[in-house]
Structure formats: structure tokens, C-alpha cells
Amino acid sequence: MENEQIHFRGLQKRLWAVLVTLVLLAFANWLLLDQVTDANENSEALVNLSGKQRMLSQRVVMLAQQLVHGDIAERSTVRQSLEDSLRQMEKNHLALSRGDAALGIHSHPPAKALTLLFGPDGDLDRQVRSFLVEGYALLRQEEGQEDLTDKRLNFLYDSASQILLKNLDRMVVIYQQEGEGRTHLLENIFFSSTLLTLLTLAVSWWVVLAPVFKRLTNSMEEQVRQQAEIRKLSMATDLSPAGVIISNGQGVIEYVNPRLCEMTGYSAEELIGHHPRLLKSTETPQRVFDDLWQTILAGRTWHGVFINKKKSGQLYHDSTTIRPILDQEGKTVHYLATKQDISEQLALEQALREAKEQAETANRAKSDFLASMSHELRTPMNAILGFAQLLEEEMDPAVNPEQVESVQHIYKAGQHLLGLINEILDLSRIEAGKMTVSLENVKLQEVITQCLPICQAQADRLGISVIDHIKGGKDIHLLVDFVRLKQVLLNLISNAIKYNRDDGSVELLVEEEGGQVRILVKDTGPGIPRNQQDQLFVPFQRLGRELSHVEGTGIGLTITKRWVELMGGRIGFTSEEGKGSTFWVAFAAAPTPEVQEVLEESTVVCHPWDKLLTLEGGVLLYVEDNPANLRLLEKAVARIKHFTFQSTHNGDLGWEMAKNLRPRIIVLDLNLPGKNGFQILQQLRNDPDTVRIPVIALTSHARQEDIDTGLAAGFNAYLTKPMNLELFYNTLYQLLNTTEDQSS
């Protein structure tokens, strides 16, 4: 401490020395600045006075000329002016020669000026005096009323114009140079003095001031840091959303923050000096306290949950973290506990679990309802569409054109209703997360090649031209699901054809940018009004087209958007009323255009039904409890002349008939009285006599998981209601033809 005081006193002495030096330098600079100012003023006065002398000499010549040759009446005025000018010129000459404080001239003329005034080369003093003598002589002649001649006038003129003016100009130059030289000298001295001052300041700062300020700054910074740290810790603790307890090594509370008081209902005064067991309830298991003490006595941090009791007696869940605070010797001197009331959080989590269970239950109920409705709707739809197909084929358009048209309307409406059912099921499965995609390297041109023939008939019927700009270009590969991409493009192309004008066009284009491929479907339709564009992807929203002749369900684009997003893509559009719309989908390009077999969507090739006549005949057994469906299939089989149709409405009877009749093929409904379709299938597969009979499932359970379950169970084919007759005939042919090949 004493050394610090000695050092500080030494710094004080240095500081005083610096201050005195700076004061002296400042005073010297002030004197120099004053000298510079006086020198400049003196030089300016000498220059001005020399210039006035020159002007006065010219004025004297002019007045002398007026006195000699001017109007006699004005001589009195001219004479007075001439006399004044001569006196002023004489006064100025004395000031230039000897100085004149009244005129601001405080110094004698410089050496060059004295040489010019009195030296042999200039002799300006003699010239001025001769000039003044001749001027005064001219005045005396005029006063003596003598005749004035041009002799003195010529002398004055010659002196002023040839010698006097020239020397006066030289005098001006001399005074200017003298003033500039003196000014430069003083400025240099002032500049040097200023540099010396700055150097003194720099040395003083480095040697004296910097250590002083550094020591003061360090001291102040340390104090500010400590105070800020204290404020920060205090504020953090007071404003902490968690309750804080600081207790001593024996567990006695020394500090609590406001949040803990708010949490427990106790005041700080009621808690400080007591043990935290004041908050303890009987609901916390003893193993929690055993684990607590075992952990903190080992010097480790403990975390757990207490069921504590507030001052009001209310129980709450207290999530607590306790950290031991150790001294330098490793001994626990304090405990820091942070606490949070998590009762609401636990209640919210419980409510969320219950809500999730309710949502899952509701979702299952919705799925079950949709499955049930699908089954119930498909059963009558099977009869409606099946009989409509039979009627259309059996009726002669030439005989009953109106009836044929009516049947076509029935079939068309049924197909529309079936499409709606399928799309609703697809949408519900996507929303339930039961529909997945399998991303693979897919060649875009192959998907387009499969889509266009399907849409071409619709385009030809409406007179719409479809222009494929993608065909013939470079191979483009996408990372997508082949089947779902085909479904997406079919929907977009079909919409572009449906919502178009007469003789319009649809163009397919592709753009590549930044690892993304954008497929565009551009039409020449009426466009979408701007105020309706934000509703385009809303389910069941047809934007006013529901009253038009164009059929649709209003959920096709919704499903398309979901499929695109499931494949990691994006979908969008641009549209202008009266000019058409452009829909686009963008997907990631495949990393490399690998050559691979593109999995094609299994499509049914419809062969003529009479192709079955080329196969061996036999019995077709149909087990179905719905009379309309029995009648429909009976009429369909009747076309195959060498096949016999047998049926039953009961599962148990179906098994017995299969054992006795040994049919060529069996068609089973799944929901049957007695044994269901799966049970009959199991019996058929377990019996050596019937194990090789092909079995077709024909049911209203049309979900993909139902189809997968049926095929996994052993059905040779799985057909859904409403039944497509061409698909039914084709399936019969494939199964029976395969059976004959295996027999041969």
C-alpha cells in the first residue's frame, strides 16, 4: 500500500511538470501568433501607403495640369486640392521613411526600401522631394499671380510618369516581399513550436498520463465489472421464472427469490431461517429423499420431482435441481436449489394424451365409417353398373335409342359416383397417413407415354389437341413414385382437357433449374378468376363449375396436391381470365440418369369376352348373399356358353358345393352368413381336392390394405365392387389359361 502511495505521488509530480510545460508552450505560441499578426498588419499598411503615394503623384500631375491650362474660375478649388494632395503625399513619404503608428506602420523601412529611398540607384527620397518642391513652386507662382508656364508642369509629369511611379511600384513590391518573408519566418517558428507542443503532449501521455489513466481505468473497470456481476446475478435470481433457494451447509435457508414465495405462498421472512422440509408433504416416496442425500453428499448435482405442499395446504409437483457449492478445500458451504411448479404442465400432458387417444379413436371411427360406407355403397353400385353394362350391350340403338341413352346416363352417373367414392377413400387414407410412396429413378418420358393414350380419347371427343413438347427431348429422370406421378399427370391433363374451350389445345412442357424439374400443363381454357384462385385446392370446391356440363368431384386437385407433397414436390399454377391456365409440378431430378426398368402401373388389358370360349368349360361357383349381385354375375357368365353358373348365399353351403361340384373357378364374397370368405378359402386350400381351384374375391372392401390382406391370404385375384365386366372376363381368362398351361 505504501509503495502504491509513493508511486502515485511520483506520478503527480510528473503530471504537474507536464502541465507547466504545456502552459509555457502555449504562452510562447501566443506571442508568436501575435508577432505574425502584427507583421502581417504592418506589411499590409506599408503596401497600402505605397499604393496611395502612387495615386497621389498621379493626382498631383492631373491637378497641376488643370491649374495651368484649366478654367480660371475653378483655379481656387484646384489650387486647394493640389495643396492638400501635396501635403498628404509629403506626410505619406515621411511615414514610409520613418514609420507612423497612427497609420499602422510600426517599423522602419527594410534595407531594400532604404536603398531605394536614399541610395544612389533609386534616390526615391530626392525624387519625391523634388516633385514636392516643384509642386509647391507651381502653387506659389499661381498665388503670386505670375504667368504659369509648362516648364514645371512638364517636370511634374515626367517625374511622375517616368521615375517616381516606377520607384513607387518597386517600393510596393519590396514591402510585399518583406511582409511575406517575415510572415513565412514567423509561421515556420509557430509551426515548429506547435510540433514541439504536440511532441511534448505525446511524450507526456506516454510517460505520465497513460500510466495514470490506465491505473484509474483498470480500477474503475474492475469496480464496474464487480458491480455489474452482482447486479446481474441479483437480477437473474429475482427475475428467474424458477424458484430459488440458497441454504447453508446445514440446509438452513438463507435466501429465497420472489418466484419461490409466489410458488409456495410463504413470504421470505417465513422461509429464511427454516429448513426446506417446511414444504414437504407425505406424498413424496422416501426413495426420492434417499437418492437426493446420496447424490448431494457426494458433491454431485441432483434432479428430481417432489410432491410438496403450499402454505394453503394445496399439493403441487415440484421439479427441483440441487447443486452443492464448494469452497476451495472442496467442502460444501451452501446448497443452491432451483424449483419449478410443473403441476399445470403435467395436467396439460395428461390432457394431450387423452386428446390424442380421442383423436386416434375418432380417426379409427372415421376410417371404419368410410370403409363401411364404401362397402355399403359398392354393393348396390355393383348391381347398378353391372346391369347397366349388360343392358347397353344387349339393346339395339336403332330400336330403342332413347332407352340406350338412358342406360348410358345411368352408367355414366354410376361411374361418377364410384369415382367420388374412390377419391374420398384416397383422401381419407392420405390424411390418416396410411398412403405411402416409393421414390425411385423414373424416366419422365415413359410416364408421359402411358398417360397420353388414356387422355387422348377424351381430347378427341371434345376436339382438343394435345401437344407433347417433352417427347423427343433429352432424357429426364425424376426421383418420384412412378404410379403416383402417373396419377398426378393424368389428373392435370384430364382437367386441362375438360376445362378448355372448343377447338382448344393442351401443351406439355418441361423446365430444368437448380436440380429441380418442373412439368407444366398449359391449356387455352377460360382461366380461373383471381378471387377464386385461393380456393382451388380446397376439397369439394369446384369454383362454380358444379352447375356446368363438366363433371367432377371437386377433390381431384386436393388429392393431387397431397400426392405431390408426399413425393417431396411442389405444385402451383398461373391463370388469367380469358387466356387459360398453366398448372405445374416440380420434383427433384434423379442424381444420375441410371438405366433401370421402370415399374409400370398394372393395367388391365381388356380382351373380348368370347376369348374364354377357346378354353375348356366347366362350373363357375359364386358364393354371394345379395340377390342383385347373384343375378348380375349369372347373366355375365351366361355369355360363356360352355360354362355353367352355380351359386349359393351361405358360406357353409358354399364349402359343401365346392367339395361336391369341383368347379373350374370360384368367386367368393367376403361377408357371408355362416363361414366368411377367408374361412372358406382356408378350407379350400387345406383340402387336396380343392387346393388347385382358382378363387377370386369379389367384395366391396376396396381399401388398399384390404386388397393386400386378401392377396396375402391366398386369393388368386381380388376384384372390388362395382364390378367391371371386362376386367372380370380378363381375370377369368388369365386364371383359367394359367391353370390349363400348368395341367398340360
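**A closer look at the overall build of the chain**
Looking only at helices and strands, the chain has 18 helices and 17 strands in total. Of the contacts made within the chain by residues no fewer than 6 positions apart, 66% connect residues no fewer than 24 positions apart. When the accessible surface of the chain is summed, it comes to about 41,900 Å², and 54% of that surface belongs to carbon and sulfur atoms.

**Quick look at helix α15 (residues 651–661)**
Every buried residue of α15 is listed here: G651, G654, W655, M657 and A658. Each buried residue of α15 sits inside an arc of 165 degrees when the element is viewed along its axis, so together they form one side. Summarising the contacts, the buried residues of α15 are in contact with β13 (618–623), β14 (643–648), β15 (665–668) and α16 (677–686). N-cap assignment for α15: the residue whose side-chain oxygen lies 2.8 Å from the backbone N of D652 is N650. A positive phi of about 45 degrees marks R662, the residue just after α15.

**Quick word on the sheet that holds strand β12 (residues 580–588)**
In space, the 5 strands of this open sheet follow the order β7-β9-β10-β12-β11, with mixed pairing throughout. Of all the strands in the sheet, just β7 (465–468) and β11 (570–576) have a single pairing partner and so form its edges. With strand direction ignored, the average angle separating the axes of adjacent strands in the sheet is 20 degrees. Strands in contact with helix α13 (residues 556–566) are β11 and β12; relative to β11, the strand with the most contacts, it is inclined by about 140 degrees.

**Quick word on the pattern of salt bridges**
All chains considered together, the criterion is met by 14 salt bridges. Residue E262 pairs with R259 through a salt bridge whose shortest N-O separation is 3.3 Å. Taken together, the positions of E262 and R259, both in helix α6 (residues 258–264) and 3 residues apart, correspond to about one turn of that helix. Overall, E262 belongs to the exposed group, its relative accessible area being 60%.

**Observations regarding a nonpolar patch on the surface**
On the surface, a nonpolar cluster with roughly 340 Å² of combined accessible area is contributed by F27, W30 and L31. Tracing the chain through its elements places W30 in helix α1 (residues 2–69).

**Regarding the sheet that holds β14**
A sheet is described by the order of its strands in space; here 5 strands give the open sequence β14-β13-β15-β16-β17, paired in parallel fashion. In the strand order of this sheet, the two ends are held by β14 and β17 (717–720), each with one partner. On average, each strand axis in the sheet is tilted by 20 degrees relative to the strand beside it, whichever way the strands run. In this sheet, β14 lies alongside β13 in parallel orientation, the contact comprising 6 bridges. By the bridge assignment, Y622 is partnered in β14 with S647. Along the sheet, α16 contacts β15 and β16 (695–699); its crossing angle with β15, the most-contacted strand, is approximately 155 degrees.

**Notes on the confidence of the model for the chain**
A low pLDDT means the predicted coordinates there should not be read in detail. Counting all residues, the mean pLDDT for the chain is 76, and 69% of those residues have values of 70 or more. For the stretch residues 592–608, pLDDT sits under 50, and the model shows 26 contacts to residues farther than four places along the chain or on other chains.

**Looking at the pairing of β11**
Pairing geometry for β11 and β12, over 7 bridges, is antiparallel. Within β12, the position partnered with T574 by the bridge is T582. Adjacent in sequence and paired antiparallel, β11 and β12 are bridged by 3 residues, among which G578 carries a positive phi angle near 85 degrees.

**What to know about the packing of aromatic side chains**
Centre-to-centre distance and the angle between the planes together describe a pair of aromatic rings. Inspection of every chain in the model, using the stated rule, returns 6 aromatic pairs. Arranged with centres 6.0 Å apart and planes meeting at 50 degrees, the rings of F728 and Y729 form a pair that is tilted. Judged by its relative accessible area of 1%, F728 is buried. The buried category is assigned to Y729, whose relative accessible area is 5%. One aromatic cluster is present, formed by F289, W302 and F306 through successive ring pairs. In this arrangement the basic side chain of K280 is found over the ring face of F289, its NZ or CZ atom lying 4.4 Å from the centre.

**Structural notes on the environment of T264**
Structurally, T264 can be placed in helix α6. Those residues within four positions of T264 in sequence are excluded, and the remaining contacts are L271, L279, K310, K311 and Y316. Within polar-contact distance, the side chain of T264 engages the backbone nitrogen of Y266 at 3.3 Å.

**Some remarks on unusual backbone geometry**
Most peptide bonds adopt trans geometry, and most residues besides glycine take a negative phi value. With phi around 60 degrees, D503 is a residue other than glycine that occupies positive phi space. The topology assignment puts D503 in the loop between α12 (482–498) and β9 (505–513). Its identity as a non-glycine residue notwithstanding, R662 has a phi of 45 degrees, on the positive side. Structurally, R662 is set in the loop between α15 and β15. According to the relative accessible area criterion, R662 is partly exposed, its value standing at 44%.

Criteria and cut-off values
- Residues numbered from 1 in each chain as written.
- Predicted model: local features only at pLDDT ≥ 70, side-chain atom pairs only at ≥ 80, totals over all residues.
- Heavy atoms only, no water.
- Helix = DSSP H or I, 4+ residues; strand = E, 2+ residues; numbered from the N terminus.
- Contact = heavy atoms within 4.5 Å.
- Areas by Shrake-Rupley, 256 points an atom, 1.4 Å probe, with all protein chains shown as cover.
- Buried < 20%, exposed > 50% of the residue type's maximum accessible area, 1.4 Å probe, protein only.
- Arc of directions from axis to C-beta.
- Polar contact = N/O pair within 3.5 Å; in protein donor to acceptor, adjacent residues only side chain to side chain.
- Pairing = 2+ DSSP bridges.
- Axes fitted to C-alpha atoms, helices over the stretch in contact; angles between N-to-C directions.
- Salt bridge = Lys/Arg side-chain N within 4 Å of Asp/Glu carboxyl O.
- Patch = residues over 30% accessible without salt bridge, like charges linked within 9 Å, V, L, I, M, F, W, Y side chains within 5 Å.
- pLDDT = per-residue confidence, 0-100.
- Phe/Tyr/Trp six-rings, centres within 6.5 Å; stacked < 30°, edge-to-face > 60°.
- Lys NZ or Arg CZ within 6 Å of the ring centre and 35° of its normal.

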